[in-house]
Amino acid sequence: MLENIRENSQGLVAKIILGFIILTFAVAGIGSYTNSVDTSVAEVNGQKISQQAFDQAYQAQRNRMVQQFGEMFDTLASDPAYMANFRKGVLDNLVNEILIDQSARDLAIRVSDEQIKETIRTMPEFQVDGNFDNNRYLAVINQAGFFQSSDFRDYLRTEMSRRQLSQALVTTEFSLPYQTEQLSALQNQTRDISVATVSAEQFKATVEVTDEEINTYYMGNQARFENPEQVKVEYVALDVDKLSQGIEATDEEAESYYNENISDFQQQEQRRVSHILIEFGDDEAAAEAQASELLAKVNAGEDFAELAKAHSADAFSGENGGDLEWVERGVMGEAFDDAAFALASAGDVSKLVKSDFGFHIIKLTELKPTQTTPFVEVKEEILARIKNDRAQEQFFELQQELARVSFEFPDSLDDAAGAVDGEVQTSSWLTRGGNPAPFNVPAVIDAAFSDIVLTENLNSDIIEVSDTLVMVVRVAEHKPAAVKPLTEVEAQIKTQLVNEKASSEAQTLANEMVAKLQSGESVDSQLAELGAEFTDHANTARFGSTLDQAVVRKAFVMPHPEGAPTVDSAELANGDLAIITVKAVTAGEAAVNPNLAEQKASQLAQSAYQGYVDTLRASAEIKQRQTVQESNVF
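None of the values given here were measured: they were computed from a predicted structure.

A. The sheet that holds strand β21 (residues 622-624), seen in detail. Sheet architecture is open: 3 strands sit in the order β2-β1-β21, paired in antiparallel fashion. Of all the strands in the sheet, the pair left with one neighbour each is β2 (47-49) and β21. Going from strand to strand, the sheet's axes swing by 20° on average, the running direction of each strand aside. Relative to β2, strand β1 (residues 42-44) runs antiparallel, the two being bridged by 3 bridges. Each bridged residue has a counterpart across the sheet, and for A42 the counterpart in β2 is I49.

B. How the structure looks around the pattern of salt bridges. Counted according to the given criterion, the structure contains 27 salt bridges. As a salt-bridge pair, D264 and R385 come within 3.3 Å of each other at their nearest N and O atoms. Separated by 121 residues along the polypeptide, D264 in the loop between α13 (251-260) and β8 (266-267) and R385 in helix α18 (residues 375-408) bring together distant segments of the chain. Taking the shortest distance from any N to any O, the salt bridge between E306 and K309 comes out at 4.0 Å. Highlighted residues: E306 and K309, both in helix α15 (residues 304-311), separated by 3 residues, approximately one helical turn. With a relative accessible area of 46%, E306 lands in the partly exposed category. Taken together, the shared-partner salt bridges in this structure form one network comprising E97, D101, E159 and R162.

C. Main features of the packing of aromatic side chains. With the rule as written, the count across this model stands at 17 aromatic pairs. An angle of 80° between the planes, with centres 5.3 Å apart, marks the rings of Y235 and F439 as edge-to-face. Of this pair, Y235 sits in strand β7 (residues 230-239) while F439 is found in the loop between β14 (425-426) and α20 (442-448), placing the two residues 204 residues apart along the sequence. Accessibility expressed as a relative area gives 11% for Y235, which makes it buried. By the ring-pair criterion, three or more aromatic residues cluster together here, those being F126, F132, Y137, F152, Y155 and F316. Directly above the aromatic system of W326 lies the positively charged group of K368, at a separation of 4.5 Å from the ring centroid.

D. Layout of the packing of helix α6 (residues 113-122) against helix α8 (residues 149-170). Between α6 and α8, the least distance of the axes is 10 Å, while the angle of their chain directions is 100°. On the basis of the axis angle, α6 is roughly perpendicular to α8. Contacts between α6 and α8 involve D113, Q115, I116, T119 and I120 on the former and, on the latter, F152, R153, L156, R157, M160 and Q164. Counted by class, the contact of α6 with α8 contains 5 nonpolar, 3 polar and 3 charged residues.

E. Up close: the sheet that holds strand β20 (residues 577-586). As summarised here, the arrangement of the 4 strands in space is β18-β5-β20-β19, forming an open sheet in which the pairing is antiparallel. The strands lining the two open edges of the sheet, one partner per strand, are β18 (535-541) and β19 (566-571). Each neighbouring strand pair of the sheet contributes to a mean axis angle of 30°, computed without reference to strand direction. Of the strand pairs in this sheet, strand β5 (residues 190-198) and β18 are connected by 5 bridges, and their pairing is antiparallel. Of the residues in β18, the one forming a bridge with T190 is A541.

F. Representation of the environment of K88 within the structure. For K88, the position within the fold is in helix α5 (residues 80-106). K88 sits in the exposed class, given a relative accessible area of 52%. Sequence spacing of K88 and Y58 is 30 residues, and the spatial spacing of their C-alpha atoms is 9.8 Å.

G. Representation of the confidence of the model for the protein chain within the structure. In the predicted model, the protein chain carries a mean pLDDT of 84, and the fraction of residues at 70 or more is 92%. Of all the helices and strands in the protein chain, helix α1 (residues 2-8) carries the lowest mean pLDDT, 43, while β14 carries the highest, 96. Scored below 50 in pLDDT, residues 1-9 makes 3 contacts in the model with residues more than four places away or belonging to other chains. Here residues 20-35 is modelled with pLDDT under 50, and outside its nearest four sequence neighbours on either side it reaches 0 contacts, counting other chains as well.

Here is what the cut-offs are and how they apply
Residues numbered from 1 in each chain as written. Predicted model: local features only at pLDDT ≥ 70, side-chain atom pairs only at ≥ 80, totals over all residues. Heavy atoms only, no water. Pairing = 2+ DSSP bridges. Helix = DSSP H or I, 4+ residues; strand = E, 2+ residues; numbered from the N terminus. Axes fitted to C-alpha atoms, helices over the stretch in contact; angles between N-to-C directions. Salt bridge = Lys/Arg side-chain N within 4 Å of Asp/Glu carboxyl O. Buried < 20%, exposed > 50% of the residue type's maximum accessible area, 1.4 Å probe, protein only. Phe/Tyr/Trp six-rings, centres within 6.5 Å; stacked < 30°, edge-to-face > 60°. Lys NZ or Arg CZ within 6 Å of the ring centre and 35° of its normal. Parallel < 35°, antiparallel > 145°, perpendicular 65-115°, else oblique. Contact = heavy atoms within 4.5 Å. Nonpolar A, V, L, I, M, F, W, Y, C, P; charged D, E, K, R; others polar. pLDDT = per-residue confidence, 0-100.

Spelled out as structure tokens, the structure:
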């Protein structure tokens, strides 16, 4: 059969078909190389926002929310509608930033090199003991992904340009003295009022609620009566900390460890060096030539410090003759360290050194020898380290064994627990958010609610909760999301409807009495029948009153009385109705309050800035290319 296929494939027709197939793949392949896929999430006046930029902004904002709200944010994150608005907010902020950048360029807003340098010098992130430290500066920006100081300066220039534009907007807003005086007078105003409270409770006895009304409310508000999906899991956990508690280590082992790892307990040799940095720029060869010329001048005896001041791209150290102060290995990069620590004595100068920052000329100015911490001072630390190291070794071995046994015996955790000398534990009821540790880790919840656990009723794969904790879970009990039966919530609904109807009847009665009072009639007898009466509250203040805030808010929006008191009603939080009369208004003192003026100016500034951004958005061409989904950021 195979021989027939081989012979038939040599025919003319087969070759023609094969040729078409090859051509099809070739054209498709060329198309894949010549047509790039646009993965941007939005475009603002022709400038694209990449998926990567959105992902970074989303994750940064999410981390801030987690730090601010803790486990509460897990609950919020379980709401798809909330997260959709959250993602939209992140994208809107990115669009606003681009619009501000474009506007700053159009307005020719510039930030000078001197401004940038002074800003960096005063940033607390780069200071040690209150003074700018160049080593810390270079190390921090390197860790942040800015491998050349010019990259960080460009980033800072953009941020400062945005701030300059926003400051230009907000600082133009101010509060005039008369505005502050008016606001102060309003805040200090007092009113003489009378309040009568009509209790809704007395109407409940006569309220009737039918089964049809209860059923209608139930059918129209089922989301309010839904129990979230819940799961209770059995689990076996491996924890390095618990493993280390059962491990012993002797003083002799600690001393042996100390001798074998003496470098861990030494303050490594430090060197004070100066350098001249020539950045690559657009022409690396030209930069190397310039650096070589400077090295020749140094070797010829010209003053290193003066050359650093005049030519070093590292402006901060350059101002101090290139001084980087004391450096340790690992701060400046491998190439720089190798050259700096190869210098034998003070005054020695290196050859040209190429690093991620550019070309360096390094001079050793001072040397500190290695210092060793005595054994007795670090013995307890070493004992703890030995125990932890041994626990880590056990942890990795047992982790593999736990994964193997839980997979081979997927219908129970008993074998897995026995294999690692652990125990099967049971969690409390878990939801998709807001659980206690370690069930607040997304990987654990994803596994607990996965199909393999819930549907197939098998053990989960091993879950890495952290570097020191792993676990395997299986379902113990499961409650799907479901609307509570009507019988379970009928009493709750009836109470709700009774309260609403009673409050409505109280409101109707209050409206009738308000109308009578406005026409000059008395309602004292009617109030007496309801067990209520007017109580006077003279000089009621807008802030700090002991009265119900619903009453105070209503009283201070009611018109000033002209001849007769003004009358209105307000619903209280408990469903009761308050009938309010304003008898007199006493003007407040227009006190001079700098804080109030500042607060008013701040409100005006925020409004002005938002108005400017809204204007930019209204005139901009903004295209959202795709819906930003949760899956984009994980």
